[in-house]
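Structure at a glance
Residue strings, one per chain:
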Amino acid sequence: MIKDNKPLIAHICLFCACAFWGLMAPLGKDAMTHGLTGIDMVTFRVTGGAVLFWITSLFTKKEHVPAKDLLLFIGAAVLGLVTNQCCYTIGLSITSPINASIVTTSMPIFAMILAALILKEPITGKKAGGVAMGCCGAIILIVTSAASANAKVGDIRGDLLCMGAQLSFALYLSLFSGLIKRYSVFTVNKWMFTYATLLILPFSWGNVAAIDFAAVPVKTWLETGFVVFFGTYISYILMMVGQHTLRPTVVSIYNYVQPLVSVTVSILTGIGVFKPSQGLAVLLVFGGVWLVTKSKSRRDMERLKAEK
């Protein structure tokens, strides 16, 4: 019975993870406009993640990590956490949560481009068309932000930073996928968050130490707690559970949940404004991601060739 429920559990985990990430954009944005900066939020997120994953690792199976892999985890932490989270969180503090969440769906497109360059994956017509559509959507989003004087619509600097975060994470997946698959989610994140904390803290400690903690509203601390616990710790675990059971193409479809949740919450709370041009950008980015994920990989093409 438990075995039969695994796909259902995986779907629920993926939906919850992406819903939490979708909520993280408006809640994190609100926290960063009421007492905290982007640097503060990044620091709380990586240090909080490190503490939570280390505590969890005390109750899970111990895994030996050789010195070579410990060094590789430093590179993984730089791309997968430091660059990714710094760009995204600081970008979110500048632009609207709606734009930030729309941009996050472009990650499969960056992953496809890097897979072609690094892993020599073939570029099919569908992939090329998907990239073109996604790029058009990103351009519309950036032009809309550049022409707007309203931060609720977006800011070109924040949009570009959030886009840089997706590129960084896609590069992390392309370069360190083998390393990630060798260890459990707790081992991987324990070391990655630890290294990220060691790399970020020397530069951000001055900002954190200068916070007037008593003056920061309770609501801001609750929102920060959500970002650290649900938007980071729980979401990372849920996503890994889903990835172990479902195909990558199915997993990628859940990218669409993030902007749907973020846009809805942002509009209802008045944090963001949704314009028709952003709607067109959403359709283009979603369409581009769909084409990329539906196209055949090198393994699929080799299997079809062998069958012939």
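The residue numbering used here restarts from 1 in each chain and proceeds along that chain's sequence as written. Local features are withheld for residues below a pLDDT of 70 in this predicted model, meaning they are given only at 70 or higher, and side-chain atom pairs are given and counted only at 80 or more; totals for whole chains, interfaces and linings count all residues. Note that the side-chain values use all heavy atoms of the structure and ignore hydrogens as well as water.

As for the packing of helix 5 (residues 107-118) against helix 7 (residues 156-182)
Under the convention used in this document: Every axis corresponds to a line fitted to the C-alpha atoms, with the helix fit spanning only the stretch in contact, and the corresponding angles, defined between N-to-C directions, vary from 0 to 180 degrees. In this description a helix means any DSSP run of H or I spanning at least four residues, a strand means any run of E spanning at least two, and both kinds are numbered starting from the N terminus. Should an angle lie under 35 degrees it is considered roughly parallel, over 145 roughly antiparallel, and from 65 to 115 roughly perpendicular; all remaining angles are considered oblique. Working rule for handedness: look at the near helix, and if it is turned counterclockwise from the far one by less than a right angle, call the crossing left-handed; if clockwise, right-handed. Here, residues are in contact when the closest pair of their heavy atoms is within 4.5 Å. Classification used: nonpolar for Ala, Val, Leu, Ile, Met, Phe, Trp, Tyr, Cys and Pro, charged for Asp, Glu, Lys and Arg, polar for all others including Gly.
Contact pair helix 5 / helix 7: the axes reach a minimum separation of 8 Å and the direction vectors enclose 45°. On the basis of the axis angle, helix 5 is oblique to helix 7. Where helix 5 crosses over helix 7, the handedness of that crossing is right-handed. Side by side, helix 5 and helix 7 meet where M107, F110, A111, L114, A115 and I118 of the first sit next to M163, Q166, L167, F169, A170, L171, L173, S174 and L175 of the second. Tallied by class, residues from the contact of helix 5 with helix 7 come to 13 nonpolar, 2 polar and no charged.

Some remarks on the pattern of salt bridges
Condition: Each reported salt bridge corresponds to a side-chain nitrogen of Lys or Arg within 4 Å of a carboxyl oxygen of Asp or Glu. Only protein chains enter the area calculation, which uses a 1.4 Å probe; residues under 20% of their type maximum are buried, those over 50% are exposed, and those in between are partly exposed.
Counted by the stated rule, this structure contains 2 salt bridges. D30 is paired through a salt bridge with K219; the nearest N and O atoms lie 3.5 Å apart. You can see D30 sitting in helix 1 (residues 6-31) and its partner K219 sitting in helix 9 (residues 218-245), a full 189 residues away along the chain. Given the relative accessible area of 11%, D30 is considered buried. Under the relative-accessibility criterion, K219 is labelled exposed at 53%. Note that R182 is salt-bridged to D69, the shortest N-O span being 3.1 Å. Taken together, the positions of R182 in helix 7 and D69 in helix 3 (residues 67-94) put the pair 113 residues apart, joining distant regions of the chain.

Here's the deal with the nonpolar core
Rules: We define a nonpolar core as any set of buried Ala, Val, Leu, Ile, Met, Phe, Trp, Tyr and Cys residues linked to one another through side-chain atoms lying within 4.5 Å.
Counting residues in each nonpolar core, the largest one holds 67 residues, and the members touching the most others are W21, F53, F73, Y88, Y172, M192 and F193. Counting residues per element, this core draws most heavily on helix 1, at 11 residues. Each residue touching M192, except ones within four places of it in the same chain, is listed here: F73, A76, A77, G80, L81 and Y172.

Side note on the packing of aromatic side chains
Here is the rule we go by: Pairing of aromatic rings covers Phe, Tyr and the six-membered ring of Trp, with a centre-to-centre limit of 6.5 Å; geometry is then stacked below 30 degrees between planes, edge-to-face above 60, and tilted otherwise. Look at NZ for Lys and CZ for Arg. If either is within 6 Å of the ring centre and within 35 degrees of the ring normal, a charge sits over the ring.
Within the structure shown, the criterion is met by 17 aromatic pairs. Following the ring pairs from residue to residue traces out a cluster consisting of F20, W21, F53, F186, F193, F226, F229, F230, Y233 and Y236. Above the plane of the ring of W54 lies K190, whose end atom (NZ or CZ) is 4.6 Å from the centre.

Considering the environment of A76
Locating A76 in the fold gives a position in helix 3. Using a relative accessible area of 1% as the deciding quantity, one classes A76 as buried. Once the C-alpha coordinates of A76 and F176 are considered, the two residues, 100 residues apart in sequence, prove to be 6.4 Å apart. Discounting chain neighbours no more than four positions away, the residues touching A76 are L81, Y172, F176, L179 and M192.

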